[in-house]
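Structural description and commentary
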Amino acid sequence: KSSKREWKPLEDHSCTDVPWLLLFILFCIGMGFICGFSIATGAAARLLSGYDSYGNICGQKNVKVEGIANSGLDLTHKKYVFFLDPCNIDIVHQKIKSLALCVSDCPRKELKTLADVQKFAETNGSTLCSYELLPSEYTTDPRATKLCPKYPVPESAPIPFFHRCAPVNISCYAKFAEALITFVSDSSALHRLISGVMTSKEIIMGLCLLSLVLSMILMVIIRYISRVLVWILTILVILGSLGGTGVLWWLYAKQRMSASDAEIQITKDNLQALLIYAISATVFTVILFLIMLIMRKRVALTIALFHVAGKVFLHLPLLVFQPFWTFFVLILFWTYWIVVLLFLGTTGSPVPNEEGFAEFRMVGPLKYMWWYHVVGLIWISEFILACQQMTVAGAVVTYYFTREKRNLPFTPILASVNRLVCYHLGTVAKGSFIITLVKIPRMILMYIHTQLKGKENACARCMLKACICCLWCLEKCLTYLNQNAYTATAINSTNFCTSAKDAFVILVENALRVAAINTVGDFMLFLGKVLIVCSTGLAGIMLLNYQRDYTIWVLPLIIVCLFAFLVAHCFLSIYEMVVDVLFLCFAIDTKYNDGSPGREFYMDKVLMEFVESSRKSMKEAGRGGGAEGRELKPM
């Protein structure tokens, strides 16, 4: 039986789940075929060089398309796409609803009349009206009102690498932004929000850099002062939450008292935002205090566990940089995926639409290629994240099950990557595919819920939300089980299903410890994220306070806090992963070893002290007969 099978850490390495690796390779070949097909059909040229409304690709000779006027032109010297009305945006299809032409140069200054357009054409040789009009006819031909750009023609500049003339002033896209941001009912409010972000862009960039520095400092603190980290975090979070709440109420009272009857709209917006922030911070502080009051008795166990994890980072310093490599690989893949998606948007044969212009459409089964492309986005993204989990698990397992730490590989991270590539890519592919199978139905249900918003009845809405919630919970449970299955694979080199079953048995046998220790550990890491977000947000409030007369705080502060949380999450999630791997190794070690000759513990002195202190505290709680003893039953 799996629960009685002997574990032999790092003694044998064999390839696992090879059929799933072959399936994943075939899937990636299919992704490459989509990219190659879109490039071969001219989609890459249309995307990069741009094309006009008649199907002509700018900057080259074109072939005549039956049924489309002005197609098949030689546009070798006209390399830029120009839209006659760039601000006329189709909200439904999210595209510019305007006649597009190929021109030799973008208007670098505003043209207010047709005479200015004519002068620009005669001076620069760039005709901004339709091909059938000569520059001399711009001011005399009655067709010019439809075939020439809507004036005033805004100042434009070519987009790098994509040869499109885009207005320098982006205010004309406000309607499109207003349609996307449905909670903004007043268009002037949106303009003030955008102007606030543009005015504070240097502060936003500086605060984002600050959050990155704070996350790195916190990782250093975790490594070197893990024993006092929990208390330091607790005290700092208490002071930070109280200080942040107090500062918000003080700023609100100060601006409330100094506000005059003739105050401008920006001041009113800032005053309302301050009140919302202050109330939210007060509620958050009260909830945080209640949670910390409940969790206070389990802090001692967490201190010991954090110290062990800190020692792992001391021996494996490259673990800190894992989020950078994973994020870099994800960015590369997402960039590739978006480029291919844009290729697919321009793939197909040109056909005339009802207005006589060209549209590129795919026919037959090929028009469903983008579904395959979307599945690839989810599966390969999950595969990359799973590779990180397997790499971290392999490095920590190597550290834990190496009795003499002096005999550790020179770089355990690289050794773990080597084992992953040589033996366990199939296991990672299978685990990520299981997550994909759960995530796709949830995304489909979320899309259906969004499309039917306001149309479905209460019962259907409740059922949809319940299904989405259940799939989300299942996804989180499977993600946690997958992570432990990767750890079991790194230990025993077994396939995914066997590893998942073995890890599940171990976790069930230690369910109370998992609930107690992991909950406290995750909560303390969450406090670290809160500390970074609060520190960055407080610095943002103090800096933006100097611009309160002409800048709205809402959007810049939200952007900064979201970025700070994402950065803190990326760093501290590695620490959380190390704690989970250590706990599974610890549970396996204590189950199959008892310290007798031939069955010595793998754990080092610090972890042994953790075991002894944990057992002692559990026995004392058990003798007390309280809830603590029932919850933390000794193994």
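Residues numbered from 1 in each chain as written. Predicted model: local features only at pLDDT ≥ 70, side-chain atom pairs only at ≥ 80, totals over all residues. Heavy atoms only, no water.

Threshold: UniProt positions are given in the numbering used here, feature names are shortened, and annotations may be inferred rather than shown by experiment.
The name an unreviewed UniProt entry gives the protein chain is Choline transporter-like protein, with Upupa epops as the organism. Turning to the protein chain, the UniProt record has this under Sequence similarities (unreviewed entry): "Belongs to the CTL (choline transporter-like) family."

What about the overall build of the protein chain?
In plain terms, the rule: The helix and strand labels rest on DSSP assignments: H or I over at least four residues marks a helix, E over at least two residues marks a strand, and numbering proceeds from the N terminus. Buried, partly exposed and exposed residues are distinguished by accessible area as a fraction of the type maximum, computed with a 1.4 Å probe on protein chains only: under 20%, between the cut-offs, and over 50%, respectively. Pairs of residues are marked as contacts when any of their non-hydrogen atoms sit within 4.5 Å. Values of accessible area rely on a 1.4 Å probe in the Shrake-Rupley scheme; residue burial ignores everything except the protein chains shown.
Check the secondary structure of the protein chain and you find 19 helices and eight strands. For the protein chain, buried positions account for 46% of its 635 residues. Pairs at least 24 residues apart make up 72% of the contacts formed inside the protein chain by residues separated by at least 6 positions. Per element, the accessible surface of the protein chain, about 32400 Å² overall, is 67% carbon and sulfur.

Remarks on the packing of aromatic side chains
In plain terms, the rule: Here a pair means two rings of Phe, Tyr or Trp (six-membered ring of Trp) with centres within 6.5 Å. Their orientation is stacked below 30 degrees between planes, edge-to-face above 60, and tilted elsewhere.
For the structure on display, the rule yields 16 aromatic pairs. Taking the centre distance of 6.2 Å and the plane angle of 85° together, the rings of W249 and Y252 count as edge-to-face. Here the residue W249 and the residue Y252 both occupy positions in helix α8 (residues 226–258), the gap between them amounting to three residues, near one helical turn. In this structure an aromatic cluster arises from ring pairing among W20, F24, F27, Y372, W379, F383 and F433.

Things to note about the state of the cysteines
Condition: Cysteine sulfur atoms that come within 2.5 Å of each other are treated as a disulfide pair.
Counted under the stated rule, the structure contains three disulfides. What pairs with C58 in a disulfide is C102, and their sulfur atoms sit 1.9 Å apart. The sign of the S-S torsion, about -80°, decides the handedness of the disulfide formed by C58 and C102: left-handed. One end of the pair, C58, is in the loop between α2 (43–49) and β1 (80–83); the other, C102, is in strand β4 (residues 100–103), and 44 residues separate them in sequence.

What about helix α3 (residues 114–124)?
Defined as follows: The directions from the helix axis to the C-beta atoms are what the arc is built from.
Among all positions in α3, only L114, V117, Q118, F120 and A121 are buried. Along the axis of α3, the buried positions cluster into a sector of 160°, meaning they face one direction only. Facing away from the buried side of α3, by more than 90 degrees, are the exposed residues K119, E122 and T123. In the core, the buried residues of α3 are packed alongside α4 (144–147). Just downstream of α3 lies G125, where phi reads positive at about 75°.

Remarks on the environment of S126
Within the secondary structure layout, S126 lies in the loop between α3 and α4. Note on S126: relative accessible area 0%, which makes it buried. Sequence spacing of S126 and K78 is 48 residues, and the spatial spacing of their C-alpha atoms is 8.1 Å.

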